[in-house]
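Each chain, letter by letter, is given below.
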Amino acid sequence: MNELTKRERMAMSRSEMPARPADERNSDFGEVNLGFTAGLAVLEAQRCLMCRRPVCIEGCPVGVQITEFIDLVAAGDFGEAAKVIKRDNSLPAICGRVCPQEDQCEGACVLAKKGKPIAIGALERFVADFEREHDLMHAEPTAIRTGKSVAIVGSGPAGLACATDLAKLGHDVTVFEALHELGGVLSYGIPEFRLPKEIVAAEVEQLELLGVRFVTNAVIGMMDTIDDLLDEEGFDAVFIGVGAGLPRFPNVPGENLIGVYSANEFLTRINLMKAYQVGSDTPIFDVTGKAVAVFGGGNTAMDAIRTSLRLGASTATLVYRRSREEMPARHEEVEHAEEEGVGFQMLTAPLAFLGDNDGFLTGMRLQAMQLGEPDESGRRRPVPVPGAVTTKDVDMVVIAIGNAPNPLLAKTAPDLEHTRWGTLLADATTGRTSKRGVFAGGDIVTGGATVILAMGAGRTAAASIDEFLRTDDWERSVQ
Ligand SMILES: Cc1cc2nc3c(=O)[nH]c(=O)nc-3n(C[C@H](O)[C@H](O)[C@H](O)COP(=O)(O)OP(=O)(O)OC[C@H]3O[C@@H](n4cnc5c(N)ncnc54)[C@H](O)[C@@H]3O)c2cc1C
Ligand code: SF4
């Protein structure tokens with residue numbers, strides 16, 4: 001029980017997450033943030049006002065019982081706090097590291113108005129790390145078996161969250177993953193210095209303990225189709241969580257030059273082919289002492305540019321067609337990138353990539369932009385400044401301007417309805433698609449979004465899959 005008065009709690013300063021010095025961390029792949037100590041966690045938890053109407057919980061897409069777990073942290077009962085979080089979030093060590101809390105629980109916190117929201121993300125991370133480091137993670141399969149089986153396509157956060165809830169309800173769950181590693185973007189996209197692979201592996205292992213079966217190197221649509229899973233393999237329902245992994249390009253001349261990568265390819269090589277390990281022989285462009293530019297303003301762009309610095313680039317420039325205020329990347333990632341030496345060239349778009357006679361990239365032609373009227377996203381549209389064209393030398397370019405869904409699965413399941421952007425049509429409150437027994441959620445439905453939104457969609461779908469399996473009523477499969 002927190003004995004401090006409201007006035008005393010409001011007078012306390014927010015504890016900030018300790019991080020490694022920028023000039024040390026920018027040349028290796030060790031984790032940047034160091035996490036709270038137990039002392040810092042208790043201090044920070046004591047600041048919480050335990051509001052009667054905890055708006056922070058309303059800001060969490062998976063509904064973590066924030067006040068309950070923070071109260072336990074304040075009392076020093078970290079193991080119980082972990083159990084509370086795990087009721088709603090099966091991947092807390094991951095979410096504590098990568099969720100945009102500033103837009104979610106912390107953004108909603110009443111103390112945010114004074115610029116001092118409770119550091120909910122750092123507390124979540126601390127509790128999850130405490131549980132793992134003290135060997136307190138003991139998931140067990142539920143004793144009740146329903147005899148129903150569900151196929152989950154894709155092992156990203158949407159698929160993992162859906163699998164967890166269904167396994168806890170006693171259904172047999174099999175996750176099919178196209179790649180040889182599990183975790184989706186958590187494994188192949190987000191680099192080691194933000195989300196160590198061992199954290200992802202430890203949280204996935206808990207699902208295995210719950211009885212979830214994983215089949216890797218299994219591309220659904222290439223080997224089995226959705227119909228095969230339902231008709232031949234005998235699954236009672238299917239959840240599609242295949243993400244949006246097809247890179248978009250700006251469609252300018254020179255994109256095929258050697259030295260121009262998509263962020264997907266670049267980061268997958270670093271992550272899955274382990275280029276982040278000292279002495280690895282991953283086939284990747286040697287950027288040592290070279291000039292690198294990354295195009296884009298989201299988390300992916302930030303990850304790619306910070307990775308290039310760690311691989312030895314002499315200059316690392318982030319080129320973005322809008323201004324800094326419009327960058328969708330997490331504020332913390334932008335600040336960290338700047339501290340580490342990334343240069344920002346705002347209001348600039350690519351016109352062409354230039355190469356030599358052997359097809360190697362040598363430079364780029366750039367167009368200066370200015371902000372015009374707001375577009376459909378509400379952000380001001382970038383428009384070219386007439387005649388403001390420059391040319392710049394560059395050795396490697398990474399394109400990180402967004403992803404679209406991979407059309408493979410859709411091609412083999414023509415009865416699944418899609419939007420004109422290639423995303424799957426699924427009911428937001430149930431995850432139901434146009435095909436009986438098939439549910440979907442995460443980036444394949446929303447387009448590129450966030451880990452926690454994908455998890456929320458996975459949980460929503462799990463609840464209606466459970467309803468469907470118990471009632472066999474397709475119309476009623478609502479939460
Ligand atoms: C580099 C990068 C950094 C990011 N950083 C952040 C961040 O800091 N915070 C944040 O909240 N969000 C971040 N995001 C976004 C976030 O990772 C995604 O929104 C989230 O992972 C989407 O989850 P998902 O389960 O829908 O799909 P994914 O994570 O994409 O997982 C889909 C999985 O399905 C598999 N798959 C695809 N097709 C098939 C098939 N036919 N058969 C079988 N398996 C298939 C894929 O291999 C993949 O493993 C980042 C994204 C990227 C790319
Ligand atoms: S809104 Fe902020 S202060 Fe209030 S209960 Fe939630 S975390 Fe604590």
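Residues numbered from 1 in each chain as written. Chains lettered and ligands numbered in written order. Predicted model: local features only at pLDDT ≥ 70, side-chain atom pairs only at ≥ 80, totals over all residues. Heavy atoms only, no water.

Student: Lay out the state of the cysteines with the relevant residues and their values.
Tutor: In this structure the tally under the stated criterion is 0 disulfides. We note that Cys95 lacks a disulfide partner, and the nearest cysteine sulfur, in Cys99, lies 3.8 Å from it. Judged by its relative accessible area of 1%, Cys95 is buried. (Disulfide = S-S within 2.5 Å. Buried < 20%, exposed > 50% of the residue type's maximum accessible area, 1.4 Å probe, protein only.)

Student: Give me the lowdown on the sheet that holds strand 7 (residues 291-295), citing residues and values where you can.
Tutor: Read across the open sheet, the 5 strands follow the order 6-13-7-8-9; overall the sheet is parallel. Taken across any chain shown, the strands that pair with only one partner, and hence form the sheet edges, are strand 6 (260-262) and strand 9 (343-345). Going from strand to strand, the sheet's axes swing by 25° on average, the running direction of each strand aside. Summarising the sheet, strand 7 and strand 8 (residues 315-319) pair through 5 bridges and their orientation is parallel. In the sheet register, Val292 faces strand 8, and the bridge partner there is Ala316. Where helix 14 (residues 263-272) meets the sheet, it contacts strand 6 and strand 13 (396-399), and its direction lies at approximately 80° from that of strand 6. (Pairing = 2+ DSSP bridges. Helix = DSSP H or I, 4+ residues; strand = E, 2+ residues; numbered from the N terminus. Axes fitted to C-alpha atoms, helices over the stretch in contact; angles between N-to-C directions. Contact = heavy atoms within 4.5 Å.)

Student: Explain the nonpolar core to me, using residue names and the numbers behind them.
Tutor: In terms of nonpolar packing, the biggest core is built from 74 residues, with Ile66, Phe69, Ile70, Val73, Leu123 and Ile465 touching the most fellow members. Ranked by the residues each element gives to this core, the list is headed by helix 19 (residues 451-471), at 9 residues. Two domains each provide a minimum of three residues to this core, namely domain 1 (6-133) and domain 2 (149-245 + 405-471). With residues near it in sequence (within four places) discarded, Ile66 still touches Cys56, Ile57, Cys60, Cys105 and Ile120. Counting 28 residues, the second largest nonpolar core, distinct from the first, contains Val294, Leu318, Ala329 and Val342. (Core = buried A, V, L, I, M, F, W, Y, C linked by side-chain atoms within 4.5 Å. Domains from an automatic or database assignment.)

Student: Can you break down the site of ligand 1 residue by residue, with the values?
Tutor: Near ligand 1 you find 33 residues, and of these Val98, Glu177, Arg194, Ile220 and Asp443 are the closest. Within the backbone of Val185, a nitrogen or oxygen atom sits 3.0 Å from an oxygen atom of ligand 1. Expressed as a share of its isolated accessible area of 1,000 Å², the protein-covered part of ligand 1 is 93%. Mapped onto the shell around ligand 1, the elements with two or more residues apiece are helix 10 (157-168), helix 15 (299-310) and helix 19. At 3 residues, the largest contribution of residues to the shell around ligand 1 is made by helix 15. Taken together, the residues of the shell around ligand 1 sort by class into 18 nonpolar, 11 polar and 4 charged. (Near = heavy atom within 4 Å. Polar contact = N/O pair within 3.5 Å; in protein donor to acceptor, adjacent residues only side chain to side chain. Areas by Shrake-Rupley, 256 points an atom, 1.4 Å probe, with all protein chains shown as cover. Nonpolar A, V, L, I, M, F, W, Y, C, P; charged D, E, K, R; others polar.)

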